[in-house]
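# Observations on the three-dimensional arrangement
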Amino acid sequence: METWGRSYLMCPPRHFDVLYEINPWMTAEIPVDRERAQTQWHELRRTLERAGAHVEEIEPQEGWPDMVFAANAGIVAGHTFVPAVMRNVERVGERTFFDHWMTEHGFNVDALPGGLPQEGAGDALPFAGRLVAGHQTRSSAEAYGELAEATGADVLAVELQNPWYHVDLAFCPLDDEHAIVYPPAFGEEGWARLAEHIPHPIVLDPAEAELFCANSVVVGRTVVMPACPPRLRAELEALGFEPVVVDVSEFLKAGGGPRCLTLALDVPREALGVGPVARNYSPLPVTIASGEGAWVTDTDGNRYLDGLAGYSALNFGHRHPVLVAAAQNQLDRLTLTSRAFGNAELEPFARELAELCGKDLVLPMNTGAEAVETAIKTARKWGYDRKGVAPGRAKIVVCDGNFHGRTTTIVSFSDDHGAREGFGPFTPGFESVPFGDAQALARALEDPDVVAFLLEPIQGEAGVIIPPEGYLAGVRRLCSERGVLMIADEIQSGLARTGRTFACDHEGVVPDIYVLGKALGGGILPLSAVAADENVLGVFHPGEHGSTFGGNPLACAVGRSVLGLLSTGEFQHRSSYYGERLARSLEGARLPGVAAIRARGLWLGIDLDGRGPTGRELSERLLRLGLLAKDTHGHTIRIAPPLVIGDAEVDFIVNRFVQALGARYSAQLAA
């Protein structure tokens, strides 16, 4: 607690009044003594300052009486201010004034993108490196997924029970081990979750909770409270805290106490579980320390089934002994030469991968995005050198809903707002058509400047979207007829994930260019590649494209071992067999809240119907049950476990979905 709570923003109550009723404690019929309110407010400020806090003021505005409850203005995380989204229209206008104050005082104002209700620090308090967040009456559960993504915070969201409309009415962190809490405010399940994170709770009885004892401000070891009955005082003092009671009775008429009247300005990112890593991902609140096969263990010793497998990078599981041995053997010999020289692993790797793909040449790179960029450059060069397209006019057709990476060129043809917004100007030369629509593709390919069609045979990030039967064969035919390269991005779908070596194999289709990655590196290090025939990939001349680490001996040694595992056909069979069993079992479970299940091998997209938890919430429920999964677009859960799973792991996955969506959710629907 020493890491925050010594700097606050407060709003003088010059316009404070109770003119409407938006919580159970507000009664417009009871008049406010504004002069007394001023006296109480100033005494609260002086008490905080005597305890060692610094207080800033924001100018109150006529017509917005609840500005005095500054805690609801938003959430501070380091130098970022996330403004609240008020549920009640009576408070919506406050935001303009708080946003302006924050900007004027050096904070970055970063609003939640979805506009979902979230009422600031009144519903979200830092505790022991995470943000304890309440939802139900005033804040929405969905907003906390956005908040976690926006701030990188480790959010512990708990559902509030009436009449406890804000979390700060029932929860007050004292330090990293102690918190004042009223369990009934969170219900049985919510309290069970919250109790796991509070080593030493100070539990209020109903009478103490009604006195707003949890709505207190902590400055060091001083606890500034609206009331402190003898039992509670004795317990706090025994722990070395000093309770100081301030009269805030005028503000209690509006349902607010000391905590409501103060917004902490000094909350460091670390207090919310935000580390020094830039916020380019929104991870689930788990830190993995070790893994073997399909299972991982976190830093607290909890064990989980990995249902994501590194987005298919871990097709062969964590630390597959064959792959680890290949890496260790190569580490003892040579790791890098750059492509200024040859190395003993490069040509054998390229030859073996070319044979797997049925192609002449392979160009190794590192990441999937690099491989996609390589394929784009290849197609443009081929268009100019082989097809005869005029310089600077080459065009590549892509699909709506695509995901090929996040480099500047790739996001230029993405329709994902989050991937594009703020990163222009964009690279020209791309046209997008609906995925799975062969007629739309045919129209686009009428343009003689089109040199290639780039697609995922199955769209992964979009939610494991499988195209209509015959679509890939139709694509192959159209590309051949129009003299256009078919580029298959098999970075996620390839290398046994779908039950075949490549997803294109399901329709007997061979593209002009394979783009590969993820599992090619065995989950040990990045390795990607483009494979094509000589008349396509042979367009490059020395110096026109390259990578210092591309084709390094360590990566190639691991890649060769991956190709060895694939050559047996075992993993293709496992993916097909266990994928069918998993999909059949999930469908047979008749999970409430599930709108659709799509499966191709051990790659499943599970759509939620919107009546129950969001994708993020379900992912967090599954996490608590020992299954790691991740949502996409807020409403689809992707399941892609390592291909080493067996019957027990399939049953485990099904059981965890039943627990997460079963009886409790069925009861919600019935209600």
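Scroll up a little and you will see the structure.
Residues numbered from 1 in each chain as written. Predicted model: local features only at pLDDT ≥ 70, side-chain atom pairs only at ≥ 80, totals over all residues. Heavy atoms only, no water.

## Notes on the pairing of strand 20 (residues 395–399)
Burial within strand 20 is extensive, with four of its five residues counted as buried. Relative to strand 22 (residues 450–455), strand 20 runs parallel, the two sharing three bridges. Counterpart to lysine 395 in the pairing with strand 22 is valine 450. Alignment of strand 20 against strand 21 (residues 430–433), held across four bridges, turns out to be parallel. Residue valine 398 lies in a different strand from strand 21, and its bridge partner there is serine 432. (Buried < 20%, exposed > 50% of the residue type's maximum accessible area, 1.4 Å probe, protein only. Helix = DSSP H or I, 4+ residues; strand = E, 2+ residues; numbered from the N terminus. Pairing = 2+ DSSP bridges.)

## Thoughts on unusual backbone geometry
Between asparagine 162 and the following residue, proline 163, the backbone shows a cis peptide bond with an omega angle of 5°. Considering the arrangement of structural elements, one finds proline 163 in the loop between strand 8 (155–159) and strand 9 (171–173). Note the cis peptide between glycine 424 and proline 425, where omega equals 0°. Positive phi values are uncommon outside glycine, yet arginine 319 reaches one of about 55°. Positionally, arginine 319 belongs in the loop between strand 18 (303–306) and helix 9 (321–331). Positive phi outside glycine occurs at alanine 496, with the angle close to 90°.

## Describing the side chain of aspartate 306
Topologically, aspartate 306 is positioned in strand 18. Summary of buried charges: aspartate 306 has no salt-bridge partner, and the nearest side chain of opposite charge, arginine 497, is 8.3 Å away. A distance of 2.9 Å separates the side chain of aspartate 306 from the backbone nitrogen of alanine 309, its partner in a polar contact. Excluding anything up to four places from it in sequence, aspartate 306 contacts Ala294, Val296, Leu314, His318, Leu628, Pro641 and Pro642. (Lys, Arg positive; Asp, Glu negative; His and termini not counted. Salt bridge = Lys/Arg side-chain N within 4 Å of Asp/Glu carboxyl O. Polar contact = N/O pair within 3.5 Å; in protein donor to acceptor, adjacent residues only side chain to side chain. Contact = heavy atoms within 4.5 Å.)

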